[in-house]
Amino acid sequence: MSNIIIVLGAQWGDEGKGKVVDLFSERFQIVARYQGGHNAGHTVFIGERKFILKLVPSGILRPGVAAVIGNGVVIDPAALLAEIDALEAAGIDVAGQLKISNRAHVIFPFHRMIEKVGEGRPDRVAIGTTSRGIGPCYEDKIARRGIRMADLVDPGSLETLYRWLAADKQTTAHAFGVAEEFDCDAILARYLEMAERIRPMVCDTAKLLNDAIAAGRNILFEGAQGTMLDIDHGTYPFVTSSSAAAGGACAGSGVAPTRITGILGVSKAYITRVGGGPFPTELRDERGERLRKAGKEYGAVTGRPRRCGWFDVPLLRYTAMVNGFDSIVVTKLDVLDDLEQIPVCVAYRINGKIADSMPATEREIESIEPVYENLPGWNSPTFGIDRWDSLPARARDYLKFLESSTGVEIGCISTGPERNQTMILPGSKMERLLPGDTPG
Ligand code: IMP
């Protein structure tokens with residue numbers, strides 16, 4: 001039987017999924033993305049080499065592993081080709097390994113222009129997006145006027161669809177007082193040219209994935225962003241425009257929920273967020289700065305400093321609920337190495353009462369008073385440790401505390417950016433759910 005596993009962010013993104021997926025991918029024949037676009041940034045270190053993957057699933061870094069971009073992803077062809085060029089220059093067989101859904105939607109330059117209009121309006125609170133045109137592309141998808149990869153690679157239909165959409169966008173821009181014109185013909189010509197390079201990789205990836213399952217192959221779904229940025233379950237409106245939570249893997253790939261055999265979350269040993277929006281455990285002082293420095297917390301895509309805070313148990317309980325995590329990976333434990341005490345938020349107090357669910361509105365989340373429990377720090381290096389028994393006793397206690405207070409098994413711990421700076425705990429559910437080391 002195939003192992004069909006979803007790995008996704010349990011917080012606001014940037015949890016270290018890239019490394020985790022890269023590490024697990026040796027056990028899978030296919031790694032697939034199901035949502036988001038080049039707003040995601042997965043950093044993977046292999047020896048001295050650093051790869052920042054935005055659109056291409058990190059499985060591409062394993063020779064022989066097929067990397068699939070599913071129908072739920074939005075694709076900027078220029079960003080895709082730039083990434084392909086960089087990977088090919090590093091000797092990776094992208095043409096042989098990458099498959100792109102014919103149903104994935106295409107981002108055009110006018111999507112970025114429309115995003116600027118929305119984000120820049122003086123009377124609105126900006127979401128702090130990555131300015132990649134992601135939201136406006138999903139808007140067109142849902143409004144049923146979007147252009148898909150199947151259209152991009154079909155010159156007969158692309159021109160008509162493109163001219164309709166471009167005219168709509170120009171009208172919208174003018175209505176909002178944006179004078180910026182774009183060269184419609186030049187963009188079309190460029191997209192037709194890029195389509196030539198992309199065409200051989202475009203196919204029906206839902207069929208490809210389901211055929212692979214029928215043949216007993218293992219598939220790893222790689223979430224982008226994190227659950228708290230999910231369009232439905234995140235801190236709306238400060239979210240991304242796609243279904244980052246586990247349910248999105250089925251809609252965004254064409255693989256049925258009945259096929260999924262495991263759902264694994266990835267969480268930092270603390271928490272970060274980029275962009276705007278409420279953040280109950282945020283540290284706005286030098287302690288936050290310290291976490292940022294120690295954890296090198298700067299956005300992989302935009303370079304923006306990440307906001308940092310203490311581990312948030314109610315938030316993790318919530319994301320475990322909406323995703324049904326079987327087990328989680330805790331990353332960046334080593335960032336906490338030299339702290340005397342480590343506060344952990346164990347409950348939310350709102351208007352003097354302990355909340356029993358995640359509030360829906362920004363106003364309510366902003367009003368949360370985190371209730372902290374202080375745990376003793378271990379004050380010794382854990383960097384690179386790859387065995388549970390070798391961790392300092394207090395680091396083990398910290399992890400056990402997170403496990404018991406969230407109610408989710410911690411099945412894997414990461415103590416550094418390299419593949420080998422990781423431990424999958426023997427006897428854990430995580431170990432049982434992952435296929436054996438060598439795929440059959
Ligand atoms: P968008 O996805 O560019 O529309 O941005 C919406 C929100 O999601 C902003 O707060 C971004 O900073 C955040 N975001 C988007 N992609 C990522 C990611 O990969 N990691 C963390 N935050 C992200």
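Everything numeric in this text was worked out from a predicted model, so none of it was measured.

(A) Main features of helix H2 (residues 77-89). Here H2 contains 13 residues, and its C-alpha end-to-end distance of 18 Å stays within 8% of the 18 Å for a straight helix at 1.5 Å per residue. Along H2, the residues classified as buried are Pro77, Ala79, Leu80, Leu81, Glu83, Ile84 and Leu87. N-capping of H2 is provided by Asp76, with a side-chain oxygen placed 3.0 Å from the backbone N of Ala78. The first or second residue beyond H2 is Gly91, which carries a positive phi of 85°.

(B) Quick look at the domain arrangement of the protein. As far as domains go, the protein holds domain 1 (4-101 + 204-433) and domain 2 (105-200). Using C-alpha coordinates to define each centre, domain 1 is positioned 29 Å away from domain 2. Every contact between the two is made by 31 residues of domain 1 and, on the other side, 23 residues of domain 2. For the pair domain 1 and domain 2, the two sides together bury roughly 2,100 Å², of which 61% comes from carbon and sulfur. Contact with domain 2 buries surface across domain 1, with Val74, Pro77 and Leu81 losing the most and accounting together for 26% of the total. The tally of links between domain 1 and domain 2 comes to two salt bridges. Of the charged contacts, one joins Asp76 and Arg112 as a salt bridge, the two residues approaching to 3.0 Å between their closest N and O atoms. In this structure, the connection of domain 1 to domain 2 is made through nine residue pairs in polar contact (both at pLDDT 80 or more). Every element with two or more residues in the side of domain 1 that touches domain 2 is listed here: strand E6 (74-75), H2 and strand E7 (98-101). Here the side of domain 1 that touches domain 2 gets seven residues from one element, more than from any other, and that element is H2.

(C) A look at the packing of helix H7 (residues 155-175) against helix H8 (residues 184-198). Contact geometry for H7 and H8: axes closest at 11 Å, N-to-C directions at 145°. With respect to the hand of their crossing, H7 and H8 are arranged in right-handed fashion. Contacts from Pro155, Leu158, Glu159, Tyr162, Arg163 and Ala166 in H7 reach Cys184, Asp185, Ile187, Leu188 and Leu192 in H8. Of the residues contributing to the contact of H7 with H8, the split by class is eight nonpolar, no polar and three charged.

(D) Molecular detail of the nonpolar core. Membership of the largest hydrophobic core comes to 55 residues, with the highest contact counts inside it found for Ile6, Phe221, Leu333, Leu336, Val344 and Tyr398. If you tally residues by element for this core, the top one is helix H14 (residues 393-406), at five residues. Other than its neighbours up to four places away in sequence, Phe221 contacts Ile4, Ile5, Ile6, Val7, Ala32, Tyr34, Leu209, Ala249, Ser253, Val255 and Ile260. Core analysis: the second largest hydrophobic core is formed by 45 residues, Phe51, Ile60, Leu81 and Ile92 among them.

(E) Looking closely at the site of the ligand. Lining the immediate environment of the ligand, one finds 16 residues, of which Asp14, Asn39, Thr130, Thr240 and Arg304 sit closest. Within the side chain of Thr130, a nitrogen or oxygen atom sits 2.5 Å from an oxygen atom of the ligand. The contact in question runs from an oxygen atom of the ligand to an N or O atom on the side chain of Arg304, over 2.8 Å. Starting from 470 Å² of accessible surface for the ligand in isolation, the protein chains cover 97%. Two domains share the shell around the ligand, each providing at least three of its residues, namely domain 1 (4-101 + 204-433) and domain 2 (105-200).

(F) Region of the structure containing the packing of aromatic side chains. For the structure shown, the criterion picks out eight aromatic pairs. Seen from their ring centres, Phe110 and Phe182 are 5.6 Å apart, and the 45° between their planes marks the pair as tilted. Residue Phe110 is located in helix H4 (residues 109-119), and its partner Phe182 is located in the loop between H7 and H8; the two are separated by 72 residues in the primary sequence. Taken as a pair, Phe110 and Phe182 share a single burial class, namely buried. Where Trp378 meets Tyr398, the ring centres are 5.6 Å apart and the plane angle is 55°; that geometry is what we call tilted. Of this pair, Trp378 sits in the loop between strand E17 (369-376) and H14 while Tyr398 is found in helix H14, placing the two residues 20 residues apart along the sequence. As far as the burial class goes, Trp378 and Tyr398 line up, both buried. Site record: aromatic cluster; members linked through ring pairs are Phe108, Phe110, Tyr162, Phe182 and Tyr191.

Scoring rules and cut-offs
Residues numbered from 1 in each chain as written. Predicted model: local features only at pLDDT ≥ 70, side-chain atom pairs only at ≥ 80, totals over all residues. Heavy atoms only, no water. Helix = DSSP H or I, 4+ residues; strand = E, 2+ residues; numbered from the N terminus. Expected span 1.5 Å × (residues − 1). Buried < 20%, exposed > 50% of the residue type's maximum accessible area, 1.4 Å probe, protein only. Polar contact = N/O pair within 3.5 Å; in protein donor to acceptor, adjacent residues only side chain to side chain. Domains from an automatic or database assignment. Contact = heavy atoms within 4.5 Å. Buried area = accessible area lost by both parts, 1.4 Å probe. Salt bridge = Lys/Arg side-chain N within 4 Å of Asp/Glu carboxyl O. Axes fitted to C-alpha atoms, helices over the stretch in contact; angles between N-to-C directions. Left-handed = near helix turned anticlockwise from the far one by under 90°. Nonpolar A, V, L, I, M, F, W, Y, C, P; charged D, E, K, R; others polar. Core = buried A, V, L, I, M, F, W, Y, C linked by side-chain atoms within 4.5 Å. Near = heavy atom within 4 Å. Areas by Shrake-Rupley, 256 points an atom, 1.4 Å probe, with all protein chains shown as cover. Phe/Tyr/Trp six-rings, centres within 6.5 Å; stacked < 30°, edge-to-face > 60°.

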